[in-house]
Amino acid sequence: MTNLSEQDLINVHSDVDRSLEKDKKIYVPYMSDHGHALVGAFRNQGLNTTMLSKPGSDCLDYGRRYSEGGECLPFIVTTGQLIKLIKEEPNFEPESSAFFMPTSSGPCRFGQYHTAQKLILEHMGKSVEIISLEAYNSYTSENLGLDFRNLAWQGIVAVDYLQKLLWRNRPYEKESGKTDAIYEESLEDIKDGMSEDGTRGLITALKGVGKKFDSIETGPRNRPLVGIVGEIYVRANDLCNSNLVRLIEDLGGEARVGPMAEWFYYTNRKKKQDGFRDRKLLKYLKGWAKDLVQHYGENRVRSKFADYLDELDLEEPSVGELADNSHPYIPEDYRGEPVLEIGKAIDYARQGADGIITVTPFSCMPGAMIISVSDLVKKDHDNIPWLNLTFDAQRSTNIKTRLEPFIFQAKKYREKSPEPEKEEN
Ligand code: SF4
């Protein structure tokens, strides 16, 4: 990336579009499978939307070529997807296209991604619009109203629960590949249902999902459970985390990753706290109402999974509980992911997990804070096996070498305090 002067950033930042022109084709970069829900919600609004395919090493190469080396890994991957689209998609028309890049405020670089990407495009001489919706405003814009927001939200939590069904069943399946096949089919059903009939279509799609997973024949549930927490993009993106969940399963473990929903609830909490602190009643009430509506939407979705998941997967702690968990280790006035991630790691430990893995991108600022307190948290929680993994997507091979002894420790930890559950379908 060419050097960005402060004035460059200011100019471009004010130029980034937060509205949507309905005649443009929207490209959503692949971050995680939650993108399917976003595409379903965009399409339901009549917007021509496509999700880019899962990024591979070619996206990393493109991203690195157009960055300077000090940027965060998620920036390199999303920028690589954008450049690949421009260079390799034969039918791509810059003027009638828009690239979706959400943003957020807080103590890290995420809020600058869309600005820097716009600048890169300018230097390439490409005028592709970048649509950037703000986390604090729940990713709404002036022409995407409450319908979009509520539908996208319910789709996102549906994918959270769907992933739990995947991670719960796949390690124990007797017919290899069956769980993945049902999962992929369900994702498509969710996206199509949302796109065609909004919330009603989503709920209809979810009605059959649990039963399909229930048809999977599984063996005894006897693997150590590993809770994965950390930077939201890297923990959700298989390319960035070297397909960590699958690696854990291959080595004899079972994994869970913190849900996407927690970040949205956290922004609601911040909005309420800011409104209270600044004596701005309207702001407080907006945060409160949004929280209420989102909890209602989540409960509606969760009810469709209630017969197929156990308490660990159905009952997520509130962000207030996560903040309480983390406050002995993270200052109360700190804003950002470490509050959630340390809080969630402690929750996993209390729920009976046998090991914790934190995942952070190389040079991630909030990630450094998570790692810095991890020793203390581990000691205070029965010395639960704990592994901090930092990723820079350099295709390193030592992750497996580090995981093997960790899974061994987790198995030993489990033997020390065995789980009573021994189900067999
Ligand atoms: S959380 Fe870390 S990796 Fe993500 S944008 Fe912020 S600094 Fe970069």
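Residues numbered from 1 in each chain as written. Predicted model: local features only at pLDDT ≥ 70, side-chain atom pairs only at ≥ 80, totals over all residues. Heavy atoms only, no water.

Moving on, we get to the overall build of the protein chain. A count of helical and extended segments in the protein chain gives 17 helices and 8 strands. For the protein chain, buried positions account for 56% of its 425 residues. Sequence separation of 24 or more characterises 77% of the internal contacts of the protein chain that already satisfy a separation of 6 or more. (Helix = DSSP H or I, 4+ residues; strand = E, 2+ residues; numbered from the N terminus. Buried < 20%, exposed > 50% of the residue type's maximum accessible area, 1.4 Å probe, protein only. Contact = heavy atoms within 4.5 Å.)

This part is about the sheet that holds strand β1 (residues 25–28). Strand order in the open sheet formed by 4 strands is β2-β1-β3-β4, with parallel pairing between adjacent strands. Lying at the two open borders of the sheet, with one neighbouring strand each, are β2 (49–51) and β4 (129–131). Mean inter-strand twist for the sheet, computed between neighbouring axes without regard to direction, equals 30°. Note: strand β3 (residues 97–100) against β4, 3 bridges, orientation parallel. The partner of Phe-99 across the bridge, within β4, is Ile-130. (Pairing = 2+ DSSP bridges. Axes fitted to C-alpha atoms, helices over the stretch in contact; angles between N-to-C directions.)

Residues Glu-254 and Arg-256 line one face of strand β6 (residues 254–257) and the alternating positions Ala-255 and Val-257 line the opposite face, and both faces are buried. Pairing geometry for strand β5 (residues 225–230) and β6, over 4 bridges, is parallel. Directly across from Val-226, in β6, lies its bridge partner Ala-255.

A grouping of Glu-321, Asp-324, Glu-332 and Asp-333 is seen on the molecular surface, where their side chains present a negatively charged patch. Tracing the backbone shows Glu-332 in the loop between α14 (319–326) and α15 (337–350). Overall, Glu-332 belongs to the exposed group, its relative accessible area being 61%. (Patch = residues over 30% accessible without salt bridge, like charges linked within 9 Å, V, L, I, M, F, W, Y side chains within 5 Å. Areas by Shrake-Rupley, 256 points an atom, 1.4 Å probe, with all protein chains shown as cover. Salt bridge = Lys/Arg side-chain N within 4 Å of Asp/Glu carboxyl O. Lys, Arg positive; Asp, Glu negative; His and termini not counted. Charge placed at Lys NZ, Arg CZ, Asp CG, Glu CD.)

Right, let's get into the pattern of salt bridges. Once the charged atoms of two side chains with opposite charge are near each other, the side chains can pair. A complete count under the given rule lists 27 salt bridges for this structure. Lys-24 is the partner of Glu-129 in a salt bridge, and the nearest nitrogen-oxygen pair spans 3.0 Å. One end of the pair, Glu-129, is in strand β4; the other, Lys-24, is in the loop between α1 (6–15) and β1, and 105 residues separate them in sequence. Just as Glu-129 is buried, Lys-24 falls in that class too. Note that Glu-341 and Arg-235 form a salt bridge whose closest N and O atoms lie 3.0 Å from each other. Of the two residues, Glu-341 sits in helix α15 while Arg-235 sits in helix α9 (residues 232–236), which places them 106 residues apart along the sequence. For the pair shown, Glu-341 and Arg-235 are each scored as buried.

For the protein chain, the average pLDDT comes to 88, and 89% of its residues sit at 70 or higher. Note on residues 1–18: pLDDT is under 50 here. Beyond four places in sequence and across chains, it has 40 contacts. Below a pLDDT of 50 lies the segment residues 420–425, which in the model reaches 15 contacts outside its immediate sequence neighbourhood of four places, other chains included. (pLDDT = per-residue confidence, 0-100.)

Turning to the sheet that holds strand β8 (residues 386–391), a few remarks are in order. Strands in a sheet are paired, the pairing made by backbone hydrogen bonds, and the direction either parallel or antiparallel. Taking strand neighbours across the sheet as the criterion, the 4 strands line up as β6-β5-β7-β8 in an open arrangement whose pairing is parallel. Every other strand in the sheet has two partners, leaving β6 and β8 as the edge strands with one partner each. Here the average twist between neighbouring strands, direction ignored, is 25°. Looking at chain direction, β5 and strand β7 (residues 355–361) are connected through 5 bridges and run parallel. When the sheet's bridge partners are listed, Val-229 is paired in β7 with Thr-358. Against the sheet, helix α16 (residues 365–380) engages β5, β7 and β8, with an angle of about 170° to β8.

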